[in-house]
Amino acid sequence: MTTTRVPALLILSSTFLAAGANGVSMVAFPWLVLQRTGSAVDASIVAGAATLPLLFATLIAGAAVDFVGRRRVAMLSDALSATAVAAIPVLAIAFGTDVLTTVVLAALAALGAFFDPAGMTARQSMLPEAAGRAGWTLDHTNSVYEAVFNLAYITGPGVGGLLIATLGGVNAMWVTAALFGLAILAMAVLRLEGTGRPAREKLPESVVSGVLEGLTFVWRNRVLRTLGLVDLAVTGLYLPMESVLFPKYFTDRSEPAQLGWVLMALSIGGLVGALSWTVLSKVASKRATVLTAVLTFGIAVAVIAFLPPLPVILSLAALVGLVYGPIGPIYNSIVQTRTPEQLRGRVVGVMTSMTYAAGPIGFMLAGPLVDAFGLTITFLVLAVPILAIGMVCPWLPALKELDDDAPRMA
């Protein structure tokens, strides 16, 4: 088979465009709510509405990828996400901005978020075949993939903040829809073995049985189970900071661009960290990298809780991104090497759903805590458990298997 980088570049381009669209939305949705009501509870409702569907959607997305085919699912997912975000300016034009209540924005955020995991799962599931065609190792491919993903979140929130400042939050959603459209175009021209509908004999009996098969596989593999649970807890505690606490802080200060800068700093660090794994994977162990990342994350967010000056927040955000950058490539490689090809979509879906499972609980706590006790107390309530997780991780036996040379597929 001829070596070519075209499929890999198309997947990476589609990833960048779709993630960039979500980066704009990440800033625009909470800004629209806070600009209208000023309530952290309302912002939490919208952020939670965007996260809650991820728990179920990722499970279904994995099965859909294995049933329908990876390329088709990626295109369909982006088309539906584009429709959801374009509905905001369309409704504003048709009925005026007063129609964009917290309930309406929460519903559209949930609708858009429901389809995002399918596209992400589909693209991740195509990486091993794309790596083979390009002649790349899995570590290199996953490092580049995560770097591109972080690059999108550098540009997306930054562009989102600028668009809000110049065009307003409603019109920023036109850009989001256009980016999704370009992501669809990149997938439309992709030609790669294994991206179409799987052979009938490889399909599960039904979507439900397929989801259960993926859940069972992850739960019986203690490395995947432990990584998923750690990610569940850390992400569940961090997401309210990114989607509620930081927007509330910068909204109160009327500084939309600074909110974009913080998210950009996090992604810049993540970009460098993800790319560094191509080199670090040759000299550093996966276990040591994971332990360092979680502990550093906990320390950094505990300091951020005291709301230091913006340069300090930016530096800590960049540090978090830097140490956490290799985690995505490590997780992807572990899933890809420990999962049979016919189960890959479902296992990626299960692992992704575990990442977001605790998010709604965090959002439910964050909004009322901010309104009742203020930002600093809420930051600490979320940050201290992350620090505790970082201190417990070295004692988890399953993480000692991260560097096994011959991982088991079952």
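Predicted, not measured: the structure shown is a model, and the values here were computed from it. (Residues numbered from 1 in each chain as written. Predicted model: local features only at pLDDT ≥ 70, side-chain atom pairs only at ≥ 80, totals over all residues. Heavy atoms only, no water.)

Visitor: Help me understand helix 6 (residues 169-188) in this model?
Guide: Every α-helical turn comprises 3.6 residues, leaving residues that sit three or four positions apart pointing alike. Counted at 1.5 Å a residue, the expected span for helix 6 with its 20 residues is 28 Å, and the 30 Å between its end C-alpha atoms agrees. On its buried face, helix 6 is in contact with helix 1 (6-37), helix 3 (70-95), helix 4 (102-134) and helix 5 (138-166). (Helix = DSSP H or I, 4+ residues; strand = E, 2+ residues; numbered from the N terminus. Expected span 1.5 Å × (residues − 1). Contact = heavy atoms within 4.5 Å.)

Visitor: Is there a simple way to think about the packing of aromatic side chains in this case?
Guide: Any aromatic ring pair is given by two values, namely how distant the centres are and how the planes are angled relative to each other. Under the criterion given, the structure shown has six aromatic pairs. Summarising the aromatic geometry, the rings of Tyr-145 and Phe-149 are spaced 6.5 Å apart at their centres and angled 25° between planes, so their arrangement reads as stacked. Within this pair, Tyr-145 and its partner Phe-149 are both found in helix 5, separated by four residues, close to a single helical turn. Judged by relative accessible area, Tyr-145 falls into the buried class, the value being 1%. Each residue in the set Phe-246, Tyr-249, Phe-250 and Phe-379 is aromatic and connected to the rest through ring pairs, giving one cluster. Over the face of the ring belonging to Trp-219 we find Arg-225, whose NZ or CZ atom lies 5.3 Å from the ring centre. (Phe/Tyr/Trp six-rings, centres within 6.5 Å; stacked < 30°, edge-to-face > 60°. Buried < 20%, exposed > 50% of the residue type's maximum accessible area, 1.4 Å probe, protein only. Lys NZ or Arg CZ within 6 Å of the ring centre and 35° of its normal.)

Visitor: Explain the pattern of salt bridges here, please?
Guide: Opposite charge on two side chains permits them to pair, given that their charged atoms come into close proximity. Scanning all chains against the criterion turns up three salt bridges. As a salt-bridge pair, Asp-78 and Arg-123 come within 3.1 Å of each other at their nearest N and O atoms. Of the two residues, Asp-78 is situated in helix 3 and Arg-123 in helix 4; the sequence distance between them amounts to 45 residues. The pair Asp-78 / Arg-123 is uniform in exposure class, with both members buried. For Glu-401, the salt bridge identified is with Arg-222, shortest N-O distance 2.4 Å. Taken together, the positions of Glu-401 in the segment after helix 15 (375-392) and Arg-222 in helix 8 (residues 222-252) put the pair 179 residues apart, joining distant regions of the chain. Looking at Glu-401, the relative accessible area reads 13%, which means it is buried. (Salt bridge = Lys/Arg side-chain N within 4 Å of Asp/Glu carboxyl O.)

Visitor: How do you make sense of a nonpolar patch on the surface when you look at a structure like this?
Guide: Residues Leu-295, Ile-299, Val-303, Val-312 and Met-391 make up a contiguous nonpolar surface patch of roughly 400 Å² in combined accessible area. Sort the elements by how many residues they give to the nonpolar patch and helix 10 (residues 286-304) lands first, with three residues. Taking the relative accessible area as the measure of exposure, Ile-299 reaches 45% and is therefore partly exposed. (Patch = residues over 30% accessible without salt bridge, like charges linked within 9 Å, V, L, I, M, F, W, Y side chains within 5 Å. Areas by Shrake-Rupley, 256 points an atom, 1.4 Å probe, with all protein chains shown as cover.)

Visitor: Just to check I follow, could you spell out the nonpolar core for this structure?
Guide: A general trend in soluble globular proteins is that nonpolar side chains are found buried together. With 91 residues, the main nonpolar core has Ile-88, Met-241 and Leu-245 as its most contacted residues. The element best represented in this core is helix 8, accounting for 14 residues. Each of domain 1 (1-189) and domain 2 (206-402) accounts for three or more of the residues forming this core. With near-sequence residues (within four places) excluded, Leu-245 lies in contact with Pro-240, Ala-366, Val-370, Leu-375, Thr-378, Phe-379 and Leu-382. (Core = buried A, V, L, I, M, F, W, Y, C linked by side-chain atoms within 4.5 Å. Domains from an automatic or database assignment.)

Visitor: How do you make sense of the side chain of Ser-333 when you look at a structure like this?
Guide: When you line up the elements, Ser-333 lands in helix 12 (residues 327-338). According to the relative accessible area criterion, Ser-333 is buried, its value standing at 5%. In contact with Ser-333, not counting residues within four places along its chain, are Leu-138, Asp-139 and Asn-142.

Visitor: Just to check I follow, could you spell out the environment of Val-148 for this structure?
Guide: If you trace the backbone, Val-148 turns up in helix 5. Val-148 gets classed as buried once you look at its relative accessible area, which sits at 16%. Linking Val-148 and Leu-12, residues 136 residues apart in sequence, is a C-alpha distance of 6.7 Å.

Visitor: What is the right way to read the packing of helix 1 against helix 4 from this model?
Guide: Angle between the axes and distance between the axes are the two parameters that describe a pair of packed helices. Where helix 1 meets helix 4, the closest approach of the two axes is 9 Å, and the angle between their N-to-C directions is 160°. By the angle between their directions, the pair helix 1 and helix 4 is classed as roughly antiparallel. Between helix 1 and helix 4 lies a crossing of left-handed hand. Residues Ala-8, Ile-11, Ser-14, Thr-15, Ala-18, Asn-22, Phe-29, Leu-32, Val-33 and Thr-37 of helix 1 pack against Thr-102, Leu-105, Leu-108, Ala-109, Asp-116, Arg-123, Met-126, Leu-127, Ala-130 and Ala-134 of helix 4. Classifying every residue of the contact of helix 1 with helix 4 gives 13 nonpolar, five polar and two charged. (Axes fitted to C-alpha atoms, helices over the stretch in contact; angles between N-to-C directions. Parallel < 35°, antiparallel > 145°, perpendicular 65-115°, else oblique. Left-handed = near helix turned anticlockwise from the far one by under 90°. Nonpolar A, V, L, I, M, F, W, Y, C, P; charged D, E, K, R; others polar.)

Visitor: Please clarify how the environment of Leu-263 should be interpreted in this entry.
Guide: Mapping Leu-263 onto the fold places it in helix 9 (residues 256-280). Placed 240 residues apart in sequence, Leu-263 and Gly-23 show a C-alpha to C-alpha distance of 9.0 Å.

Visitor: Whenever I open this one, the side chain of Thr-176 confuses me. Can you help?
Guide: Considering the arrangement of structural elements, one finds Thr-176 in helix 6. Given a relative accessible area of 0%, Thr-176 falls into the buried group. Residue contacts for Thr-176: discarding those within four places in its chain leaves Ala-21, Val-24, Ser-25 and Val-85.

Visitor: What's the story with the environment of Gly-298 in this structure? I'm lost.
Guide: One can find Gly-298 in helix 10. Using a relative accessible area of 0% as the deciding quantity, one classes Gly-298 as buried. C-alpha of Gly-298 to C-alpha of Pro-385: the two residues are 87 residues apart in sequence and 7.8 Å apart in space. Look past the residues within four positions of Gly-298 in its chain and what remains in contact with it is Ala-383, Ile-386 and Leu-387.

Visitor: Explain the confidence of the model for the protein chain here, please?
Guide: Regions with low pLDDT carry predicted coordinates that are not meant to be interpreted in detail. Looking at the protein chain, pLDDT values average 82 and 90% of them are 70 or higher. Between residues 406-410, whose pLDDT stays under 50, and residues either more than four places distant or in other chains, the model counts 11 contacts. (pLDDT = per-residue confidence, 0-100.)

Visitor: Sorry, what's going on with unusual backbone geometry here?
Guide: Negative phi is the rule for most residues except glycine; trans is the rule for most peptide bonds. The backbone phi angle of Leu-307 is positive, close to 50°, even though this residue is not glycine. As for its position among the elements, Leu-307 is in the loop between helix 10 and helix 11 (310-324). Overall, Leu-307 belongs to the partly exposed group, its relative accessible area being 21%.

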